[in-house]
Amino acid sequence: MKKSELAWMAGVFDGEGCITIYKSRANSRQNPRYVLQMHVTNTEQELLRSFLVFGGSIYQMTGASRNPKAKPTFKWVVGSNVALKVLRIIRLLLRSPRKIRAAELAIEFQEQKSHKRTKDPSYTVLQEEYHLRMMENNRRGVTSNESTVTGSTEGAETMPSKP
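Residues numbered from 1 in each chain as written. Predicted model: local features only at pLDDT ≥ 70, side-chain atom pairs only at ≥ 80, totals over all residues. Heavy atoms only, no water.

This brings us to the sheet that holds strand β1 (residues 17-24). Taken in spatial order, the four strands of this open sheet run β1-β2-β4-β3, and their pairing is antiparallel. At either end of the open sheet lies a strand with only one pairing partner, and these are β1 and β3 (57-61). Averaged over all neighbouring strand pairs, the angle between strand axes comes to 35°, with direction disregarded. Strand direction decides the pairing type here: strand β2 (residues 33-42) and strand β4 (residues 73-79), joined by six bridges, are antiparallel. Counterpart to Met38 in the pairing with β4 is Val78. The strands that helix α3 (residues 80-90) touches are β1, β2 and β4; relative to β2, the one it contacts most, it runs at about 55°. Each of β1 and β2 touches helix α4 (residues 97-112); the most contacted strand, β1, lies at about 40° to it. (Pairing = 2+ DSSP bridges. Helix = DSSP H or I, 4+ residues; strand = E, 2+ residues; numbered from the N terminus. Axes fitted to C-alpha atoms, helices over the stretch in contact; angles between N-to-C directions. Contact = heavy atoms within 4.5 Å.)

Let's shift gears to the pairing of β2. β2 sits mainly inside the fold: seven of its 10 residues count as buried. Pairing geometry for β1 and β2, over eight bridges, is antiparallel. Paired with Gly17 across the two strands is Val40, which belongs to β2. (Buried < 20%, exposed > 50% of the residue type's maximum accessible area, 1.4 Å probe, protein only.)

To characterise two packed helices, one gives the angle between the axes of the helices and the distance between these axes. The contact between α4 and helix α5 (residues 121-138) brings their axes to 10 Å, and the two run at 165°. Judged by the angle between their axes, α4 and α5 are roughly antiparallel. Relative to α5, the crossing made by α4 is left-handed. Residue-level inspection shows Arg98, Arg101, Ala102, Leu105, Ala106, Glu108, Phe109 and Gln112 of α4 in contact with α5, the latter providing Tyr123, Leu126, Gln127, Tyr130, Arg133, Met134, Asn137 and Asn138. Grouping the constituent residues of the contact of α4 with α5 by class yields eight nonpolar, four polar and four charged. (Parallel < 35°, antiparallel > 145°, perpendicular 65-115°, else oblique. Left-handed = near helix turned anticlockwise from the far one by under 90°. Nonpolar A, V, L, I, M, F, W, Y, C, P; charged D, E, K, R; others polar.)

Listed as buried for α3 are Ala83, Leu84, Val86, Leu87 and Ile90. One side of α3 carries all its buried residues, which in axial view fall inside an arc of 165°. Looking at the buried residues of α3, the elements they touch are α1 (3-16), β1, β2, β4 and α4. (Arc of directions from axis to C-beta.)

A few words on the pattern of salt bridges. A complete count under the given rule lists six salt bridges for this structure. Across the pair Lys71 and Glu44 runs a salt bridge, and its minimum N-O distance is 3.8 Å. Of this pair, Lys71 sits in the loop between β3 and β4 while Glu44 is found in the loop between β2 and α2 (45-49), placing the two residues 27 residues apart along the sequence. Judged by relative accessible area, Glu44 falls into the partly exposed class, the value being 40%. Between Arg88 and Glu111 there is a salt bridge, with its nearest N and O atoms 2.7 Å apart. (Salt bridge = Lys/Arg side-chain N within 4 Å of Asp/Glu carboxyl O.)

What follows concerns the nonpolar core. By size, the foremost hydrophobic cluster in this structure holds 33 residues, and its most contacted members are Ile19, Leu36, Met38, Trp76 and Leu87. Mapped by element, the contributors of at least two residues to this core are α1, β1, β2, β4, α3, α4 and α5. When residues of this core are assigned to their parent elements, the largest contribution, seven residues, is made by α4. (Core = buried A, V, L, I, M, F, W, Y, C linked by side-chain atoms within 4.5 Å.)

Next up on the list: α4. For α4, built from 16 residues, the straight-helix expectation of 22 Å at 1.5 Å per residue is met to within 8% by its first-to-last C-alpha distance of 23 Å. Taken together, the buried positions of α4 are occupied by Lys99, Ile100, Arg101, Ala102, Ala103, Leu105, Ala106, Ile107, Phe109, Gln110 and Gln112. (Expected span 1.5 Å × (residues − 1).)

Relative orientation of the contacting elements α3 and α4 amounts to 135°, with a least axis distance of 10 Å. When the axis of α3 is compared with that of α4, the two are oblique. Viewed along their axes, α3 and α4 form a crossing whose handedness is left-handed. Touching Ser80, Asn81, Leu84, Leu87 and Arg88 of α3 are Ala103, Ala106, Ile107, Gln110 and Glu111, all from α4. Partitioning the contact of α3 with α4 into residue classes produces five nonpolar, three polar and two charged.

As far as function goes, none of this settles anything; it's purely spatial.
Spelled out as structure tokens, the structure:
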């Protein structure tokens, strides 16, 4: 894939994407399960098809709008190790400080996961800490530390300034 295509995808993800660590508790599980997920939501299904090169699926969202005239909304979704692979590829192309923080946290979270430790209480506490940190980062209106996080501009082209 060309670097320009990756940069475009990173830009779409910056504006329309989301990274989450969600918690699910199956009925038979004593400890919750924490799963990395990333998605891009858009009304243009064709735009999302570009992301299928990484894997994942595209779903049509139902009930997303109460407006009967609203366009259908679609979501590309990928999780766990596939999300890790995508984030490693696009991380240095992201520009949004919030998305950069989320990507770094998600990479750290997924790299430390271990299926061998799922019954260890300290492991569950650690997973919950990642979950809460991601929720705090994704919360609307949060701007703390945004000015201190910067992405790499190595190899990036710059726009000429206006005269």
